[in-house]
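# Summary of structural features
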2 protein chains.
Amino acid sequence: MSRTGASMSRAHPDLAPLAFLVGTWRGRGTGRYPTIEPFEYVEEAVFTPGPGKPFIAYRQRTRRARAGEPLHSESGYIRPGGADGAELVIAQMTGIVEVHTGEVAGNRVCFRSRAVRLSPTAVEVSRVERRIRVVGDTMRYRLWMAAVGQPFQVHLEAELTRV
Amino acid sequence: MSRTGASMSRAHPDLAPLAFLVGTWRGRGTGRYPTIEPFEYVEEAVFTPGPGKPFIAYRQRTRRARAGEPLHSESGYIRPGGADGAELVIAQMTGIVEVHTGEVAGNRVCFRSRAVRLSPTAVEVSRVERRIRVVGDTMRYRLWMAAVGQPFQVHLEAELTRV
C-alpha cells in the first residue's frame, strides 16, 4: 500500500478523488510580483484527511531559501463536492481569507477564488488561483494573484516531494 | 517562568498583549442553537506564537462528549494591531471563513466578525462573535452566532485548562 493509501485508509469515502493530495510535502519554490524583489523559498505543506467527516486539513509554512527566516503560513480545509468537485477555505497569517471552488481532473485540481476578504491591516488581494498537480510523489503548484492594483499574474511556483 | 512565558520567549514583542492566549488548552463545552439538539463536546485548542513574525497560529478540534466522534475543526491566525488591538482570520472545516477585529482588555479579548464568507455547500452564517477570557490556566470562551435565519445568540460555551 502506498503512503497515500495508508493515510487514506480511515478517510471518508467522498475524499477518494482528492486522495492524491494527502501527505506531507517538502520542497522549494520561487516568488515574484511587480511590487517585490523575486525570492526563493523552502516549504512544508501537510494535507491530512478527516478525521471522520469528509474534508482534508491543509497547512503550510515557508521560509526564505538560504537565510531561513519565516516567510508565510496558511491553513484551511478542502471539501469534496459542490458543482465543481471541490471547495477550499483558507486563512493566512497575512490577515487574508479565501473561499475557492475547485475543478478536479485526475491528479490535478484548479482552485479559483470566489471570495477574498482582508483584515483591516492586510495588504489588498482581490483574486487568487491555485493550481496543483501531483505525479507520483511530486507535487507542483502555481499560484496566480491580483493584488495591490496589479493585474492577475503568477506569484508563486513550487515543486514539492512527498516525504 | 510560567509555561506561557517559556512559549513566548522567542515570540515577536508585539504579541505581548496577546500572550495570555498562548498554550495548549483542553476542556469541555456545550453547544445549543434553535435549529439543533443541544450537545456537549470536548475540545483541544492550540495557540502558537510566530515564528518570527507577529502572529499567533490557532487551531482547535472538538469531539462529541462520551460518543467521541469528531464534530468540528478550525484554524487561523491572530494578529496584533489595527484600531481595535487585534485581528483574527479563521477557516473552518464547515466551509466558512471569518475575518474579525478584536478588542483586547487585560486577559480578555472580544472578536467581532467584519466578514463571514461561505463555500457553496456551507450552511449560512452571517455574524459571529468570539469572547475569550483567561484567568491563570483557565480559559473560558463564548461564541455568539447569527445563522440559518436565526437571531444573533450564544451557540457555544466552553471552559478549557492549559496543559
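Residues numbered from 1 in each chain as written. Chains lettered and ligands numbered in written order. Predicted model: local features only at pLDDT ≥ 70, side-chain atom pairs only at ≥ 80, totals over all residues. Heavy atoms only, no water.

## Quick word on the packing of aromatic side chains
Selection criterion: Two aromatic rings, drawn from Phe, Tyr or Trp (for Trp, its six-membered ring), form a pair once their centres lie within 6.5 Å of each other, and the interplanar angle then sorts them: stacked below 30 degrees, edge-to-face above 60, tilted otherwise. A run of H or I in DSSP becomes a helix once it reaches four residues, and a run of E becomes a strand once it reaches two; helices and strands are each numbered from the N terminus. Note on exposure labels: buried denotes an accessible area under 20% of the residue type's maximum, exposed denotes more than 50%, and partly exposed covers the range between, all computed with a 1.4 Å probe on protein chains only. Only lysine NZ and arginine CZ atoms are considered, and such an atom sits over a ring when it is within 6 Å of the ring centre and within 35 degrees of the ring normal.
If you walk through the whole model with that rule in mind, you get six aromatic pairs over all chains. When the centroid spacing of 5.6 Å and the interplanar angle of 75° are considered together, the rings of A:Phe55 and A:Tyr77 count as edge-to-face. Here A:Phe55 is found in the loop between β2 (36-49) and β3 (56-64), whereas its partner A:Tyr77 is found in strand β4 (residues 70-80), with 22 residues between them in sequence. One exposure class covers both A:Phe55 and A:Tyr77, and it is buried. Ring centres of B:Phe47 and B:Tyr58 lie 4.9 Å apart, and the angle between their planes is 35°; this geometry places the pair in the tilted category. Of this pair, B:Phe47 sits in strand β2 (residues 36-49) while B:Tyr58 sits in strand β3 (residues 56-64), and the two are eleven residues apart along the sequence. When sorted by exposure, B:Phe47 lands in the same class as B:Tyr58, which is buried. Note that B:Arg127 overlies the ring of B:Phe152, its terminal NZ or CZ placed 3.6 Å from the centroid.

## A word on the pattern of salt bridges
Residue and element names in this part refer to chain A. We count it as follows: In the sections that follow, a salt bridge refers to a side-chain nitrogen of Lys or Arg positioned within 4 Å of a carboxyl oxygen of Asp or Glu.
In this structure the tally under the stated criterion is 26 salt bridges over all chains. Two residues, Glu-98 and Arg-130, come together in a salt bridge whose shortest N-O distance is 3.1 Å. Linking Glu-98 in strand β6 (residues 96-105) with Arg-130 in strand β8 (residues 125-135), this pair joins segments that are 32 residues apart in sequence. Take Arg-130: its relative accessible area is 9%, and that puts it in the buried class.

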